[in-house]
Amino acid sequence: MNLPESFTNRIKTQLGDDYDAYMNCLDQGMHHGLRVNTNKISVEDFLKISPFELKPVPWTTNGFYYDDKACTPSKHPYYYAGLYYIQEPSAMAPASILPVEDGDVVLDICAAPGGKSTELAAKLHGTGFLISNDISNSRAKALLKNLELFGIGNMCVVSEAPNKLSTKFYQTFDKILIDAPCSGEGMFRKSQSMVTAWENNGVELFAGLQRGILNEVVKMLKPGGTMLYSTCTFSPEENEQSIEYLLSLDDTLELVEVPKYPGFCNGNPAWGKTENAELEKCARLWPHHIEGEGHFVALIHKKEAEQTQVFQSWIHRGCKPDKNAEEFLAHISSDAGIRSAYIEENKGRLYYMAEHMPDVSGLRMLRQGLFLGEIKKNRFEPSQSLAMYLKQGQFDNEVNLTSSDDRVLRYLKGETIEASDQKIKNGYVLVLVDGYPLGWAKNTNGTLKNKYLSGWRMMS
Ligand SMILES: C[S@@+](CC[C@H](N)C(=O)[O-])C[C@H]1O[C@@H](n2cnc3c(N)ncnc32)[C@H](O)[C@@H]1O
């Protein structure tokens, strides 16, 4: 691999005797992983139907390695059913280690395209609330798609600068993930373009960006709350030194030991500026010690205080849904948990709001709550996100196809399919693969007109 001398000199000083092992491993192929969406399927059930040969990623309960030469999980219908996320294995560590619990209010501040947000949301089990933010609006669109694909409803996707968020959300969050923009030294095996970007930007630019973000998250974490800082780079300036900077902002912050799975190394106090021995509690994942591209992870707790400010809840105005929407929603069973008191309408679009929804007015917002569908010309058109949110048996008109049925791929490509072999009523039908929803179709006497969201279609 072609690496700039400025990088090899620095990493040689950093690694000492480990340098050769690191350099040798860069000439081997990268590791590929997928992470099961436990919001839709248990790991046990997924392993029963998995068409791929999988090997567990040791630091997660739901992450697995696959051989990219033997299979392409991103092209399988289960991917379109949101049963897993394709994720580099060391990138699975941060969301797995942040101890999200039911009912938590969580912020993922640098979230796009959603690799970690999708796992944080799954860990909430439909309770609490997730705000997923990314400063880049175009990347936030991909983030929204991934959260929708995962069937998440108790979320908000925003695209804001951290200082705008902190004016709104003072001491609001139980958990915060900061997967910081970084120089990406752990991405060199993925693409030579990452090396070029590293040469163009350097580590100082990112160290500055990280400090700007840390200044704001520290205000947003509740006393008693926990945050996790991660990067996919190795430079001390962006890792140990960023954590030293964070600790200097608030003396109620303390480092928590990151679990050290086999191959994980301690953070290195000598790579900081204050020689704070506590930095050993951080974890460094190096590609020559684990099967993954590399990461840095730090877990930080804010000590309890007497007073905490609770976020200003969304005021549920509620609405009486339009007659056509109401008729449609009557076909959804109550165990889907969509209660009419929490439905909001905005310009003909209906949203299901979580019970405890932070007030995000005034923020650049891409989505608040679960988008249910739209009233168009006196008809209600259900959304793709509603289809992904539902589970088998929750809509009263379903077509369940097996993954080997060629109609599944044809459906995902946007074609009309025949279903005269199925006992279904005319009108909207939820199309499933092996019991997992893919999207909507409209049945007329056994012919299913395709209603799969055009932007999500499978390319031929
Ligand atoms: C490492 S990536 C995040 C990857 C993501 N957590 C995932 O797992 O898919 C860093 C992200 O930070 C975003 N970003 C950069 N500066 C930011 C800022 N000041 N505030 C919020 N997001 C920022 C970038 O647009 C980028 O999407």
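Residues numbered from 1 in each chain as written. Predicted model: local features only at pLDDT ≥ 70, side-chain atom pairs only at ≥ 80, totals over all residues. Heavy atoms only, no water.

### Topic: the UniProt feature "domain: SAM-dependent MTase RsmB/NOP-type" (unreviewed entry) in the protein chain
Next, step 1: As annotated by UniProt and renumbered to match this structure, "domain: SAM-dependent MTase RsmB/NOP-type" (unreviewed entry) occupies residues 22-303.
Next, step 2: End C-alpha atoms of residues 22-303 are separated by 38 Å, and the span's content is 32% helix alongside 22% strand. (UniProt positions renumbered as here; feature names shortened; annotations may be inferred. Helix = DSSP H or I, 4+ residues; strand = E, 2+ residues; numbered from the N terminus.)

### Section: the sheet that holds strand β2 (residues 55-56)
Next, step 1: With antiparallel pairing, the four strands of this open sheet are ordered in space as β2-β3-β1-β4. Pairing within the sheet leaves two strands with one partner each, and these edge strands are β2 and β4 (84-86).
Next, step 2: As paired elements, strand β1 (residues 32-36) and β4 share three bridges and run antiparallel to each other. Considered in β4, the bridge of L34 is made with I86.
Next, step 3: Against the sheet, helix α6 (residues 115-123) contacts β1 and β4, and its axis sits at roughly 25 degrees relative to β1. (Pairing = 2+ DSSP bridges. Contact = heavy atoms within 4.5 Å. Axes fitted to C-alpha atoms, helices over the stretch in contact; angles between N-to-C directions.)

### So, the packing of aromatic side chains
Next, step 1: Enumeration over the complete set of coordinates arrives at 25 aromatic pairs.
Next, step 2: For the pair Y22 and F234, a centre-to-centre distance of 6.0 Å together with 85 degrees between the ring planes defines the contact as edge-to-face. Of the two residues, Y22 sits in helix α2 (residues 19-26) while F234 sits in the loop between β9 (221-231) and α10 (240-249), which places them 212 residues apart along the sequence. Both residues of the pair, Y22 and F234, belong to the buried class.
Next, step 3: Between the aromatic rings of Y229 and F296, the centroid separation amounts to 6.4 Å while the plane-to-plane angle is 75 degrees, which identifies the pairing as edge-to-face. Residue Y229 is found in strand β9, and its partner F296 is found in strand β13 (residues 295-302); the two are separated by 67 residues along the sequence. Each of the two residues, Y229 as well as F296, counts as buried. (Phe/Tyr/Trp six-rings, centres within 6.5 Å; stacked < 30°, edge-to-face > 60°. Buried < 20%, exposed > 50% of the residue type's maximum accessible area, 1.4 Å probe, protein only.)

### As for the domain arrangement of the protein chain
How big an interface is tends to be reported as the loss of accessible area on association of its parts.
Next, step 1: Under the domain assignment, the protein chain is made up of domain 1 (5-30 + 88-302) and domain 2 (392-460).
Next, step 2: Centre-to-centre separation of domain 1 and domain 2, based on C-alpha positions: 39 Å. (Domains from an automatic or database assignment.)

### Side note on the side chain of K222
Next, step 1: Residue placement: K222 occurs in strand β9.
Next, step 2: Given a relative accessible area of 18%, K222 falls into the buried group.
Next, step 3: One polar contact links K222 to D174, side chain to side chain, over a distance of 3.0 Å.
Next, step 4: Ignoring sequence-local partners within four residues, the contact set of K222 consists of Q171, T172, F173, D174 and K302. (Polar contact = N/O pair within 3.5 Å; in protein donor to acceptor, adjacent residues only side chain to side chain.)

### A short note on α2
Next, step 1: Among all positions of α2, only Y19, Y22, M23, C25 and L26 are buried. Down the axis of α2, the sector holding all buried residues measures 160 degrees, keeping them to one side.
Next, step 2: Those residues of α2 that are buried are in contact with α1 (5-15). (Arc of directions from axis to C-beta.)

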